[in-house]
Structure formats: structure tokens, C-alpha cells
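# Structural description and commentary
Listed here are the chains, written in short residue letters.
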Amino acid sequence: MNNPFTQFINKMFQKRWLRHVTFWIVLLICYTVAMKDGYDSIYESFNRNVILLVPQIIASYYLVYFLNPRFLYKKKYVLFGVLFFIGTYVFSVLARVLVIHVVEELYREQPFKQESFFEIATDLKRLYKDFFYKVYLPVFLFASVKLIKERFEEKSRLEVLQKEKVIAELNFMKAQIHPHFLFNTLNNLYVLTLQKSDEASDVVLKLSEMLDYMLYKCNGMSVTVAEEIQLIQNYIDLERLRYGNRLDLVFNKSIDDPQTQIAPLILVSLIENAFKHGASGTVTIPEIRIDITVKNKQLLFSIFNTKPTHVQKDFTNFKKGIGLVNTNSQLQLLYPNKHRMEVIEDETSYHVKLQINL
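Per chain, residues are indexed from 1 in the order of the written sequence. With the structure being a predicted model, the display of local features is reserved for residues of pLDDT at least 70 and the display and counting of side-chain atom pairs for 80 or more, all residues being used for whole-chain, interface and lining totals. Neither water nor hydrogens contribute to the side-chain values; these are computed over all heavy atoms in the structure.

### Here's the deal with the pairing of strand E4 (residues 287-295)
Residues of E4 alternate between two faces, with Ile288, Ile290, Ile292 and Val294 buried on one and Glu287, Arg289, Asp291, Thr293 and Lys295 left unburied on the opposite face. With eight bridges joining them, E4 and strand E5 (residues 298-306) adopt antiparallel strand pairing. Bridge pairing links threonine 293 to leucine 300 in E5. Counted between consecutive antiparallel strands, the loop separating E4 from E5 contains two residues, among which asparagine 296 sits at a positive phi close to 55°. Only protein chains enter the accessibility calculation, which uses a 1.4 Å probe. A residue is then buried if its area is under 20% of the maximum for its type, exposed if over 50%, and partly exposed in between. Runs of E in the DSSP output that reach at least two residues are strands. Runs of H or I that reach at least four are helices, and both are numbered from the N terminus. One requirement defines pairing of two strands: DSSP has to find at least two bridges between them.

### Observations regarding the sheet that holds strand E2 (residues 248-255)
Here we have five strands laid out as an open sheet, ordered E2-E4-E5-E7-E6, and mixed in their pairing. The open sheet terminates on both sides in strands that have one partner only, identified here as E2 and strand E6 (339-345). In this sheet, adjacent strand axes meet at a mean angle of 5° when their direction is disregarded. It only takes one pair of heavy atoms within 4.5 Å for two residues to be counted as in contact. Note on method: axes are straight lines fitted to C-alpha atoms, helices fitted across the in-contact stretch only, with angles between N-to-C directions ranging 0 to 180 degrees. Helix-sheet contacts for helix H8 (residues 225-243) involve E2 and E4, and the interaxial angle to E2 is about 170°.

### Side note on the environment of tyrosine 89
Among the secondary structure elements, tyrosine 89 is positioned in helix H4 (residues 77-107). Taking the C-alpha atoms as reference points, tyrosine 89 and alanine 121, separated by 32 residues in sequence, lie 8.5 Å from one another. With residues up to four places along the chain from it excluded, the contact list for tyrosine 89 reads Ala121, Leu124, Leu127 and Tyr128.

### What about the confidence of the model for the protein?
When pLDDT drops low, the exact placement of atoms in the prediction is not to be read closely. pLDDT expresses how confident the predictor is about each individual residue, on a scale running from 0 to 100. Summing up the model confidence of the protein, the mean pLDDT is 79 and the portion of residues at 70 or higher is 80%. Averaged over each element, pLDDT in the protein is lowest for helix H10 (residues 316-319) (44) and highest for E4 (92). Here residues 312-321 is modelled with pLDDT under 50, and outside its nearest four sequence neighbours on either side it reaches 16 contacts, counting other chains as well.

### Some words on the pairing of E5
Among the nine residues in E5, seven count as buried, and that is most of the element. The pairing of E5 with strand E7 (residues 349-357) spans nine bridges and is classified as antiparallel. The residue bridging phenylalanine 304 from the neighbouring strand is histidine 351, located in E7.

### Considering the nonpolar core
Membership of the largest hydrophobic core comes to 44 residues, with the highest contact counts inside it found for Ile290, Ile292 and Phe301. Ranked by residue count, the leading element in this core is H8, at eight residues. Setting aside its immediate chain neighbours within four residues, phenylalanine 301 contacts Leu267, Leu270, Ile271, Ile290, Asp291, Ile292, Val352, Lys353 and Leu354. Phe80, Val139, Phe142 and Ala143 belong to the second-largest nonpolar core, a separate cluster that totals 22 residues. Grouping buried Ala, Val, Leu, Ile, Met, Phe, Trp, Tyr and Cys residues that are joined through side-chain atoms within 4.5 Å yields what is termed a nonpolar core.

### A closer look at the environment of tyrosine 213
Turning to its location among the elements, tyrosine 213 is positioned in helix H7 (residues 200-217). For tyrosine 213, a relative accessible area of 5% gives the class buried. Sequence-wise, tyrosine 213 and glutamate 228 are 15 residues apart; in three dimensions their C-alpha atoms are separated by 8.9 Å.

### Re the environment of arginine 70
Mapped onto the elements of the fold, arginine 70 is located in helix H3 (residues 42-72). Remark: the alpha-carbon pair of arginine 70 and phenylalanine 80, spanning 10 residues in sequence, is separated by 8.5 Å.

### Considerations on the packing of H7 against H8
Where H7 contacts H8, the axes come no closer than 10 Å and their chain directions differ by 150°. When the axes of H7 and H8 are compared, the crossing they make is left-handed. Only Glu227, Glu228, Leu231, Asn234, Tyr235, Asp237, Leu238 and Leu241 of H8 make contact with H7, whose side of the interface consists of Asp202, Val203, Lys206, Glu209, Met210, Tyr213 and Lys217. Polar here means any residue outside two lists: the nonpolar Ala, Val, Leu, Ile, Met, Phe, Trp, Tyr, Cys and Pro, and the charged Asp, Glu, Lys and Arg; Gly therefore counts as polar. Of the residues that constitute the contact of H7 with H8, the class distribution is seven nonpolar, one polar and seven charged. Crossings are assigned a handedness: left-handed for a near helix turned anticlockwise from the far helix by less than a right angle, right-handed for a clockwise turn.

### A short note on the side chain of asparagine 234
Structurally, the position occupied by asparagine 234 is in helix H8. Once you skip the residues sitting within four places of it in the chain, asparagine 234 turns out to touch Lys206, Glu209 and Met210.

### A word on the pattern of salt bridges
A side-chain nitrogen of Lys or Arg and a carboxyl oxygen of Asp or Glu constitute a salt bridge if their distance falls within 4 Å. Scanning the entire structure with this criterion turns up eight salt bridges. Here arginine 126 ties to aspartate 130 by a salt bridge, and the two come within 2.6 Å at their closest N and O atoms. Highlighted residues: arginine 126 and aspartate 130, both in helix H6 (residues 124-194), separated by four residues, approximately one helical turn. Aspartate 130 sits in the partly exposed class, given a relative accessible area of 22%. Taking the shortest distance from any N to any O, the salt bridge between glutamate 150 and lysine 146 comes out at 2.6 Å.

Here you go:
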């Protein structure tokens, strides 16, 4: 349970006016304590600093909420400089007038000749030597705090926008991937039903598990490696049902911690492409080798597949496919500077190697 001080701090950050009041009260206390030795009593120090709060507060809001947004941020530097200088003069005059005609009236017991407003306004040396810093030290402090707060809020907004952008792009990419799974699996199911195969029920079960995973379990930013591998296993099992003995497929996995987190649907697109470009061609016995290793949160993924001899020697069509493009995009969004992918092609095979720091 939060104590009263914590509740006050939380409330202060939520209420703008309370933040400002707190700032000026703390400043007044600090000034009063710091300057008490220069006066007869701490009460006199307090009264003088209370009076000086008037020009300090006005000058602060004049700078932060008028000059900065209207002139400085719009790069009107000459006009900003002129108005800033005029402000320093006006508020220094105001501070001296208040000290002489209000504070000194309270504490001078013997009659004395007060300086006139004209004498105060024309004594520039005294104004800038004795009163400028008294007014503008708090002003610069207030402006600095405001600037830091604005930069922090801007950074937070950018982080939120970036996160929302990443989520939107990932959802779009996932929406591209899902139809491929569904289309390919339904094709498998269609073939099996035409053959009146008993394996059709297994296809329906695995399809159900895959759809449940993609629609519900991978809506977050990460899933466990165990869940992702189960999806891969289901997909591979469906493809095994489709190709039977016409496919030479090896799937090796070595996972030190099944609960290691990974972004969903990162690897499946590459596996899907291997079947699409390797097993679906005219190769008599297509070969696919898949190796997944996760150790100390380092993922090593390798997928090798043979390709039909009539496929063009370049890798252009494969590289333009949804699978590889999506994988590259997701890796850039989710694992910037934490991944490395290599694609090796020759006349008879494709080989993709991927390393990710999870």
C-alpha cells in the first residue's frame, strides 16, 4: 500500500498545476535557507524571497510559454533575442521596485530616501549586477526542468509510436502469412479426402491446432520456443502426409530451455518456402534438412532444400516471395542488430542460415 508521500508524488506528476506549485515552494524554501545569513532573521529572508517570486514566476512563464514556442522554436532568433533582453530589463526593474518599495518599507526603522522609479529604471549597472541573477537563476532552472520534461515526453511518445508501428506492421505481416498456411493445408486436406485417406482426421486436428496458435497464442510480442517448435512440427507433419515417401526430410532440434521467448512466426515462413520451392518441384526425391538450436538464448537456425533443375539459377523469385520478405522485415523490427541471416544458393539447392540473439 502506498504511503501518503508516494501518493502525493504520484498525484503531483498527474496534476500540472500541482507540479508547478511544488516547484516554486521548494525553490522558495531553498532560497530562504541559503540566504538567511545575509539578513537579520530567516523571517526577513523569507519575506524578501516571497516578493522576488513575483518577477521570477512571471519571467519564467514569459520565457517558457511565450518566447520559446513563438520565437526560439520557430528559429526567429533575432526577435527572440530582442524580446528576451527587454524581458530581463523589465523583470529586473520589477524586482528592484518590489524590494525597495515593499520589503525595505517593512524593515527600515529610520527614515530613508527611497529611489524613485525613474532612478531605478535608469540604473542599468545596478539592475544587471544585483537583480538580474536574482530573477533569472530560477528562470533558467525552470526552463531547464521544462526542457528536460519535454524531451522525456517526446522520447516516450516516440517509443509508444514506434511500438505501435511495430505491432501494426507485424500484424500486417502475420495476416499475409496466415492465408498461406491455410491455403496449403486445405490443399493437403483436399487431396487426402479425394483419396479417402484415414489421415484426413489428423490433418483436421493439426490444422485446428495451428489456427488456434496463430489466431490466439501469437497475438503477443513473444511466445515460448516450445510453442513455436510445436507449430513447426505440425506444419512439417502436414507436409509429410502430403508427400509421403517422395520426400527426404530431417528435422533436428536441440533446446536447452523450452521457455525461452521468441517472436512468433519468425521461422515458419522460411520452412514454408523450402517446401514451396524445393518439394513442390519436379525433383524425384526432394531433400529438406531443418536444424534448430537454442542455447543460452542464442538461436541457430538452418534450413537446406534441393530445388528442381529447371529453376532459374538466380534466387530472384524466392527473394521476392512473401516468406523471405516478411522474415527480413520482422527481424529488422524485432531484433535490430541482434540477428544475422545468410542465404546460399547453387544450381541444385538453397540454404538459409539464421542466427538470433533472443
